[in-house]
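Reading the structure
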Amino acid sequence: MSMIEKLIEERKLPELLKFADGRQVTAENWEERRQEILEILSLEEYGYAPPAPKETKVVSEDAKMPYSDFAGKAVSKTLTFTVETDCGEFTFPATEIVPISDKPRRTFVLINFRPEVPDRYYPTEELIDTGCAVIQLYYNDIAFDGRDDFKGGIAPMFDRKKYTWGKIRMWAWAASRVMDYLQTADYCDKEHVAVVGHSRLGKTALVCAAFDTRFAMACVNNSGCSGDSITRGKKGERIRQITHNFPFWFCDNYQNYIDKEEEMPFEQHWLVAAVAPRKVALGSALEDEWADPESSYLSACAASPAWELNGKAGFVHPDRMPEVGDYFAEGDIKYHLRGGKHFLSRKDWAYYAEALKSI
Ligand code: GTR
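My aim in this report is to walk through the structure given alongside it, one point at a time. (Residues numbered from 1 in each chain as written. Predicted model: local features only at pLDDT ≥ 70, side-chain atom pairs only at ≥ 80, totals over all residues. Heavy atoms only, no water.)

1. Some words on the overall build of the protein chain
Counting secondary structure elements, the protein chain contains ten helices and ten strands. Its C-alpha radius of gyration of 19 Å places the protein chain within 12% of the 21 Å reference for a compact globule of 359 residues. Partitioning the intrachain contacts of the protein chain with sequence separation of at least 6 by distance along the chain shows that 68% fall at a separation of at least 24. In the structure as shown, the protein chain presents an accessible area of about 14,500 Å², 51% of it carried by carbon and sulfur atoms. Of the side-chain charges in the protein chain, 45 are positive and 57 negative, and the distance between the mean point of each set is 1 Å. (Helix = DSSP H or I, 4+ residues; strand = E, 2+ residues; numbered from the N terminus. Rg over C-alpha atoms; globule rule 2.2 N^0.38 Å. Contact = heavy atoms within 4.5 Å. Areas by Shrake-Rupley, 256 points an atom, 1.4 Å probe, with all protein chains shown as cover. Lys, Arg positive; Asp, Glu negative; His and termini not counted. Charge placed at Lys NZ, Arg CZ, Asp CG, Glu CD.)

The structure is reproduced here in structure tokens:
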């Protein structure tokens, strides 16, 4: 047994490639297993979301931006989207920065903490230089990231008895509405759209791509607890702390596993695997102990069989833990460990842009 296999075995993870009824998962029934995983994660962790609306309408476009057009290299626009909900219309904005080119642009959907462009998590000019478009939504425009008894944003637009979604799923759902729009956007290379987010929004990006197969890749930065990090044996943040500080990110059932991680009928590597056979790019930072880089890396290792099953490479990595500067990009799961703290840095973006251009 390899060193990594041993470390994974010590975590006593629930089986990824076995159905709840004990059947073995094969390449042929992987999609059925993927649906089962998504069902369990909806029931136990993130809650159920309403179905996609019939239409995501662009109701206004504002081409005026306070930052000009980035030396004439890109066109920027703020769009306003409207969707029909069970309680009337819900409207939210998003800002796109599209490099000027006559070819379709690979596109990032960035779920961000602030609406401004540029932003400290959005190095705009560097990204324009990669040739990729970015469309950014601001998470508080969808649902307020705080205790509001689900009274603001999209939350009260649906019956909570029916749809138990926590805010992570609400933000992810909105990113899927941006994807609805991208299906109609001339500039967008529809086969190469990635969803990207950092920290709580890294968790969101991973959830979004797991549920929405139109995304070719999820770029998941420092997502940690309830994101890409395996929960069993995890250091730093655990279910107790995250559900105490941010109960509204999840459905209520998740609280059943406070200090009972070993009883969870699921694990976070299942969420990573639910993106298979598409791509995932995971990013960790050495000093981000709260997220626990080791548990993210082992999660990538443990998720890999979902790709291997489909005859794909999965996660290609050496038989050791990662070191600062490592970037394992060969397989379908890409992973990097950079130095420094919890942040979505230019360095992380450089890896994600390289990954999106390579797929
Ligand atoms: C922390 C939270 C983490 C992470 C982070 C962030 O307070 O405990 O799970 O999501 O916030 O989003 O910056």
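2. Looking at the pattern of salt bridges
By the definition in use, this model includes 24 salt bridges. The partner of Lys77 in a salt bridge is Glu61, with the nearest N and O atoms 3.2 Å apart. Placement of Lys77 in strand 2 (residues 74-85) and of Glu61 in strand 1 (residues 56-62) is noted, with a sequence separation of 16 residues between them. Residue Lys77 is classed as partly exposed on the basis of its relative accessible area of 22%. A salt bridge links Glu267 to Arg232; the nearest nitrogen and oxygen atoms lie 3.2 Å apart. (Salt bridge = Lys/Arg side-chain N within 4 Å of Asp/Glu carboxyl O. Buried < 20%, exposed > 50% of the residue type's maximum accessible area, 1.4 Å probe, protein only.)

3. Overview of the nonpolar core
Generally speaking, nonpolar side chains in soluble globular proteins are found buried as a group. Residues Phe108, Leu137 and Leu182 are the most contacted members of the largest nonpolar core, which totals 121 residues. Ranked by the residues each element gives to this core, the list is headed by helix 4 (residues 167-182), at eleven residues. (Core = buried A, V, L, I, M, F, W, Y, C linked by side-chain atoms within 4.5 Å.)

4. Considerations on the side chain of Thr82
Within the secondary structure layout, Thr82 lies in strand 2. Residue class for Thr82 comes out buried when judged on its relative accessible area of 4%. Looking at Thr82, its side chain comes within polar contact range of the side chain of Thr91, at 3.1 Å. Apart from the residues within four sequence positions on either side, Thr82 is in contact with Glu55, Thr56, Lys57, Val59, Glu89, Phe90 and Thr91. (Polar contact = N/O pair within 3.5 Å; in protein donor to acceptor, adjacent residues only side chain to side chain.)

5. Let's talk about the site of the ligand
Neighbouring the ligand are Ser199, Arg200, Lys203, Glu237, Ile242, Phe246, Trp249, Trp290 and His342. Between the ligand and the protein, one listed contact pairs an oxygen atom with a side-chain N or O atom of Trp290 at 2.9 Å. Relative to its free-state accessible area of 310 Å², the ligand is covered by the protein chains to the extent of 81%. Looking at the shell around the ligand, its residues break down into four nonpolar, two polar and three charged. (Near = heavy atom within 4 Å. Nonpolar A, V, L, I, M, F, W, Y, C, P; charged D, E, K, R; others polar.)

6. Examining the sheet that holds strand 7 (residues 217-221)
Taken together, ten strands build an open sheet; the order of strands is 1-2-3-5-4-6-7-8-10-9 and the sheet is mixed. At either margin of the open sheet sits one strand with a lone partner, and together these are strand 1 and strand 9 (327-328). Relative to the sheet, helix 5 (residues 200-211) contacts strand 4 (105-112), strand 6 (188-198), strand 7 and strand 8 (279-285), its axis offset from that of strand 6 by approximately 145°. Against the sheet, helix 10 (residues 346-358) contacts strand 4, strand 6, strand 7, strand 8, strand 9 and strand 10 (333-338), and its axis sits at roughly 140° relative to strand 4. (Pairing = 2+ DSSP bridges. Axes fitted to C-alpha atoms, helices over the stretch in contact; angles between N-to-C directions.)

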